[in-house]
Each structure stands twice: as C-alpha cells, then as structure tokens.
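Descriptive structure summary
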Amino acid sequence: IYGLAKSQRYDQIEEYTKSLFDAIESDEKDIIITGNRDVDLILREKKKTGRDNGVNVTVKPIPGNYLSAVRAKDWVVILGNLLDNSIRAAKDSQGKLVACEFETVNPYFYGVHIWNDSTIQPNMKDGVPIRDNKEGESGYGIRNCIKCAQNYGGDAEFWFDEENRIFHAKILLPVEKGGEG
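Residues numbered from 1 in each chain as written. Predicted model: local features only at pLDDT ≥ 70, side-chain atom pairs only at ≥ 80, totals over all residues. Heavy atoms only, no water.

In this section: the overall build of the protein chain. Along its length, the protein chain carries five helices and seven strands. When its helices and strands are written in sequence order, the protein chain yields α-α-α-β-α-β-β-β-β-α-β-β. Of all 181 residues assigned to the protein chain, the portion counted as buried reaches 40%. For the protein chain, the proportion of contacts with a sequence separation of at least 24, taken over those separated by at least 6, is 62%. Counting every atom, the protein chain has about 10500 Å² of accessible surface; 50% of that belongs to carbon and sulfur. (Helix = DSSP H or I, 4+ residues; strand = E, 2+ residues; numbered from the N terminus. Buried < 20%, exposed > 50% of the residue type's maximum accessible area, 1.4 Å probe, protein only. Contact = heavy atoms within 4.5 Å. Areas by Shrake-Rupley, 256 points an atom, 1.4 Å probe, with all protein chains shown as cover.)

Laid out in structure tokens, this is it:
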C-alpha cells in the first residue's frame, strides 16, 4: 500500500482496501485460522481474488504461533506478491490451482510453500524467476520477497516441476522474532 501511495496510484489503493474489507465482511465458510490475524486476512483476500479469477486457492496452516515472528507489512510483501503471481499464472493453466502450505522445517525454521499450476515454464536466472524483459531481471515483488526473508535470517527458493507443470516458491523463515526496520 505504501508503494502504491508513494507512486500516487490511489485508485489501486482504494481497490485493494475495498477487497480487504469485502473479505472481512463476507460470510464465507472458508475461514482460515493460522494464529495470526493479519495473515488470515491476507489469505482470505487472496482466496477471494482466486475465486474471482476462476482459480482455486487452498491453504494449509500449521499449528502454533510461528507466524508472529514476521511483521504484518512483511507478510503483505511475501504472501501478497507470491499469491498474486501464482493466481495470475494459474488463471491460464489447465488445473487452475494454487496452494499455500505452512510447514515446520525444524525447531528453528518453518516454510511457506506456495505452488501453482502453470502452462508456461518461467524463465529463471540464478534460481530466481525473471520477467520477460530485456534486462532479464526479477520483478520488484520477487526481489522484495527474497529481501524480506533474508532480513529475518531466512531465504527463498524457486523451482519448476516440468513433468507436473507446477511452479514452486518456498520462503524459509525463523520461528523467533527478527528482521530489520
């Protein structure tokens, strides 16, 4: 939202906040309980975005309060960017499926694994998806996701399962609080 405000894209801010309020006020049966209200709100909003685009977005939370180690604004960057990208790619796929799974990796780290059906194998450079532009760089959203994870002492990895036509993004985050800023 800050980035949109800074670039004076007020109509997009209004559209985004309206979708958040719609997700809160809706009487949908797919309530998500992760233990973090901010994450729940983001996930409900992205499930609605998926439905609006004909994409089924599933969420598998993990028990515990792991998600409190990451600030709300960083969850918006991580989940918002990755789920928006996944929904956009799955929209044109045969299966039209996006999954977001929170998984315990070890006592110190957990992972946020987001995968989606994809008809097109994304271009990758140094293990990071890149946009189709002449610079061959990743978009700001992907770079910001990686930076957020690294600010917490975590990391990100991306890969494409060519046989099953599935793109994977996995963000590794620590259980304990951290991060800069």
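Read on for the rest.
Right, let's get into the pairing of strand S6 (residues 155-161). On S6, burial follows the alternation: Ala-156, Phe-158 and Phe-160 on one face are buried, whereas Asp-155, Glu-157, Trp-159 and Asp-161 on the facing-out side are not. Where S6 meets strand S7 (residues 166-174), seven bridges bridge the pair, whose relative direction is antiparallel. Bridge pairing in S7 places Trp-159 opposite His-168. Hairpin connection between S6 and S7: a loop of four residues separates the two successive antiparallel strands, and Arg-165 in this loop has a positive phi of roughly 60 degrees. (Pairing = 2+ DSSP bridges.)

With five bridges joining them, strand S1 (residues 56-60) and strand S2 (residues 97-104) adopt parallel strand pairing. The residue bridging Val-59 from the neighbouring strand is Cys-100, located in S2. Here S2 folds back onto strand S3 (residues 109-117), and the loop between the two strands holds four residues.

To continue, consider the confidence of the model for the protein chain. Looking at the protein chain, the pLDDT average stands at 85 and 85% of residues meet or exceed 70. Within the protein chain, no element has a lower average pLDDT than helix H2 (residues 10-25), which sits at 73, and none a higher one than S7, at 96. (pLDDT = per-residue confidence, 0-100.)

On the secondary structure map, Ile-33 appears in the loop between H2 and helix H3 (37-52). Here the alpha-carbon distance between Ile-33 and Ile-62, two residues 29 residues apart in the chain, equals 9.4 Å. Beyond its immediate stretch of four places on either side in the chain, Ile-33 contacts Asp-40 and Pro-61.

Counting residues in each nonpolar core, the largest one holds 38 residues, and the members touching the most others are Trp-75, Leu-79, Phe-102, Val-112 and Leu-173. Put simply, the parts of the chain that give this core at least two residues each are H3, S1, helix H4 (72-91), S2, S3, helix H5 (140-151), S6 and S7. (Core = buried A, V, L, I, M, F, W, Y, C linked by side-chain atoms within 4.5 Å.)

We now examine the sheet that holds S3. Strands sit in the order S1-S2-S3-S7-S6 across an open sheet of five strands; the sheet is mixed. Pairing within the sheet leaves two strands with one partner each, and these edge strands are S1 and S6. Each adjacent strand pair in this sheet contributes to an overall mean axis angle of 15 degrees, direction not counted. Seen against the sheet, H3 touches S1 and S2 and runs at an angle of roughly 155 degrees to S1. Here H4 sits on the sheet and contacts S1, S2, S3, S6 and S7; the angle it forms with S3, its principal contact strand, is near 20 degrees. (Axes fitted to C-alpha atoms, helices over the stretch in contact; angles between N-to-C directions.)

The next subject is the packing of H3 against H4. Following both chains from N to C, one finds H3 and H4 inclined at 20 degrees, their axes separated by 10 Å at the closest point. Comparing their axes, H4 and H3 come out roughly parallel. Crossing angle aside, the handedness with which H3 passes H4 is right-handed. On the side of H3, the interface is formed by Asp-38, Val-39, Ile-42, Leu-43, Lys-46, Thr-49 and Gly-50, while H4 contributes Ala-72, Trp-75, Val-76, Leu-79, Gly-80, Leu-83, Asp-84 and Ile-87. A breakdown of the residues in the contact of H3 with H4 according to their chemical character gives nine nonpolar, three polar and three charged. (Parallel < 35°, antiparallel > 145°, perpendicular 65-115°, else oblique. Left-handed = near helix turned anticlockwise from the far one by under 90°. Nonpolar A, V, L, I, M, F, W, Y, C, P; charged D, E, K, R; others polar.)

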